[in-house]
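# Per-entry structural report
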Amino acid sequence: MGPDRLSIQAFLDDLEASFRQASQRGEVASYIPELATVDPGYFGISVCLPDGSVLSAGDTQKPFSIQSISKVFSLAIALGREGDRLWKRVGREPSNFAFNSVVELEMEQGRPRNPFVNAGAIVTTDAILSGRTPKETLAELLLFVRAACGDDEVYINQRVAEAENRTGHRNYALAHFLKSCSNLNSPCDRVLGTYFHQCAIEMSCQQLAAAGRFLAGFHPDFDMIGEPHVRSINALMMTAGHYDGSGEFAYSVGIPAKSGVGGGILAVVPRRASIAVWSPGLNRYGNSHLGTLALEKLSRFTGWSLFEVARV
Ligand code: GLN
């Protein structure tokens, strides 16, 4: 048995107090202009437990840009709609290069390694766009996210989406390469417009932790996607949720998780907890530096690593 709720809360409070002082916080993402000005001093962590209670410490009510964490939600919708057909277009293997690598996509002849690198997420967004307008697609995505977290106050930050559309030349390169390989159905600017808006969804740690319950297996009324798809998504989060840093993350944390360049991480401990952490400074893989450290400490304290054998 792991520690009880009171000791987890005390642990989170201590963690937050010590991380407030941390001098090494990583670098905030500067390639998206709107994110470059976010204060790196923020830190928040929320842990949602199977009984519905949420333990929190730090800045857990402030919405932040979820960025690539949104890829989990678009994948859930795409799998629900397309099932295994999606895997004809996207792989399920970890990646060797950065999340926005062009060279890897070329080496794979236009079939992205997995749905969490940018190229794979662009294909996934193209899949959920099929038969819908961008507006309808984003409305469906927001509906899904709001139902998942049980809170209607989740919005897209237009300024972040527009800033990325102006500066996202690498994503345009990926989209055009996908198109040249016939792995994109809609026009590039339509898919990317939708993708950038999806990445610009803002959520707080408390909302995100609640949203992860459907992946942890204890959402009260959420069967939008079936158990086999939940298992697939958790497996992909474990092997690819931190891009080319996923091996290191599995080694040190041992929990399926998805990061975003806004500094958030959503981590899922099947049947035990859904965790969201936010600290805007990033490590060299583009994953939250302190967020990763926080999850490593929490997983050691609770024994929540999937590879834990001592305290089962
Ligand atoms: N919107 C970002 C991009 O496409 C998402 C990347 C991320 O969070 N790793 O570059």
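Bear in mind that the values here come from a model prediction, so they are computed numbers and not experimental data.

Thresholds applied
- Residues numbered from 1 in each chain as written.
- Predicted model: local features only at pLDDT ≥ 70, side-chain atom pairs only at ≥ 80, totals over all residues.
- Heavy atoms only, no water.
- Pairing = 2+ DSSP bridges.
- Helix = DSSP H or I, 4+ residues; strand = E, 2+ residues; numbered from the N terminus.
- Axes fitted to C-alpha atoms, helices over the stretch in contact; angles between N-to-C directions.
- Contact = heavy atoms within 4.5 Å.
- Near = heavy atom within 4 Å.
- Polar contact = N/O pair within 3.5 Å; in protein donor to acceptor, adjacent residues only side chain to side chain.
- Areas by Shrake-Rupley, 256 points an atom, 1.4 Å probe, with all protein chains shown as cover.
- 1 Å grid on protein atoms, 1.4 Å probe; cavity = no way out; pocket = protein on both sides within 12 Å on 5 of 7 lines; lining within 4 Å.
- Sits in = over half its atoms within 2 Å of the grid points.
- Nonpolar A, V, L, I, M, F, W, Y, C, P; charged D, E, K, R; others polar.
- Phe/Tyr/Trp six-rings, centres within 6.5 Å; stacked < 30°, edge-to-face > 60°.
- Buried < 20%, exposed > 50% of the residue type's maximum accessible area, 1.4 Å probe, protein only.
- Patch = residues over 30% accessible without salt bridge, like charges linked within 9 Å, V, L, I, M, F, W, Y side chains within 5 Å.
- Salt bridge = Lys/Arg side-chain N within 4 Å of Asp/Glu carboxyl O.
- Points joined across faces, edges and corners; volume = space filled by probe spheres on them.
- Core = buried A, V, L, I, M, F, W, Y, C linked by side-chain atoms within 4.5 Å.
- Parallel < 35°, antiparallel > 145°, perpendicular 65-115°, else oblique.
- Left-handed = near helix turned anticlockwise from the far one by under 90°.

### Things to note about the sheet that holds strand β6 (residues 257-259)
The strand order across the open sheet formed by five strands is β2-β1-β8-β7-β6, and the pairing between neighbours is antiparallel. Edge positions in the sheet fall to β2 (54-58) and β6, since each has one partner strand and no second. Direction aside, the axes of adjacent strands within the sheet are offset by 10° on average. Pairing analysis gives five bridges linking strand β1 (residues 44-48) to β2, with the strands arranged antiparallel. In the sheet register, G44 faces β2, and the bridge partner there is G58. Seen against the sheet, helix α1 (residues 5-20) touches β1 and β2 and runs at an angle of roughly 20° to β2.

### Things to note about the site of the ligand
Surrounding the ligand, one finds Y31, Q67, S68, F99, N118, E164, N171, Y195, C199, Y243, G260 and V261. Interatomic distance of 2.6 Å between a side-chain N/O atom of Y31 and an oxygen atom of the ligand. The backbone of V261 places a nitrogen or oxygen atom 2.8 Å from an oxygen atom of the ligand. Considered on its own, the ligand offers 300 Å² of accessible surface; in the complex 100% of this is hidden by protein. Among the cavities detected, the one that contains the ligand is the second largest cavity. Looking at the shell around the ligand, its residues break down into six nonpolar, five polar and one charged.

### Structural notes on the sheet that holds strand β4 (residues 155-156)
Read across the sheet, three strands follow the order β3-β5-β4 without closing on themselves; strand pairing throughout is antiparallel. Both outer strands of the open sheet, β3 (64-65) and β4, are each paired with one neighbouring strand and no more. Judged from the two bridges that link them, β3 and strand β5 (residues 201-203) form a sheet pairing that is antiparallel. Across the sheet, residue F64 finds its bridge partner in β5, namely M203.

### Comments concerning the packing of aromatic side chains
Two aromatic rings are characterised by how far apart their centres lie and by the angle between their planes. One pass over the full model with this rule turns up 10 aromatic pairs. Centre to centre, the rings of F64 and W278 are 4.9 Å apart; their planes meet at 10°, and the pair counts as stacked. One end of the pair, F64, is in strand β3; the other, W278, is in strand β8 (residues 273-278), and 214 residues separate them in sequence. Here the two residues F64 and W278 agree in accessibility, since each one is buried.

### Describing a nonpolar patch on the surface
There is a patch of nonpolar side chains on the surface, built from F97, V103 and M107 and spanning about 260 Å² of accessible area. Along the chain, V103 turns up in helix α4 (residues 103-107). The class of V103 is partly exposed, set by a relative accessible area of 44%.

### Quick look at empty space enclosed by the protein
Enumeration over the complete set of coordinates arrives at three cavities of 30 Å³ or more. Approximately 70 Å³ is the volume attributed to the largest cavity. Lining the largest cavity we find A98, F99, S101, E104, L105, E108, P112, R113, V117, N118, A119 and L174. Every element with two or more residues in the lining of the largest cavity is listed here: α4 and α5 (118-129). Taken together, Y31, Q67, S68, F99, N118, E164, Y195, C199 and V261 make up the lining of the second largest cavity. For the lining of the second largest cavity, the residue count by class is five nonpolar, three polar and one charged.

### Considerations on the nonpolar core
Core analysis: the biggest nonpolar cluster contains 67 residues, and F73, I122, I201, M203 and I233 have the highest contact counts within it. Other than its neighbours up to four places away in sequence, F73 contacts I66, L141, F144, V145, M203, L208, A211 and F214. Membership of the second largest hydrophobic core comes to 26 residues, among which are F43, A273, A294 and W304.

### Looking at the packing of helix α3 (residues 70-82) against helix α9 (residues 188-199)
Between α3 and α9, whose axes approach to 9 Å, the crossing angle comes to 125°. One element, α3, and the other, α9, form an angle in the oblique class. α9 is crossed by α3, and the crossing has right-handed handedness. Facing α3, whose interface residues are S70, K71 and S74, α9 presents Y195, Q198 and C199. Grouping the amino acids of the contact of α3 with α9 by side-chain chemistry returns two nonpolar, three polar and one charged.

### A closer look at the packing of α5 against helix α8 (residues 169-180)
At a minimum axis separation of 10 Å, α5 and α8 run at an interaxial angle of 60°. The chirality of how α5 crosses α8 is right-handed. For the pair formed by α5 and α8, the contact residues are N118, A119, I122 and V123 on the first element and N171, L174, A175 and L178 on the second. Here the residues of the contact of α5 with α8 sort into six nonpolar, two polar and no charged.

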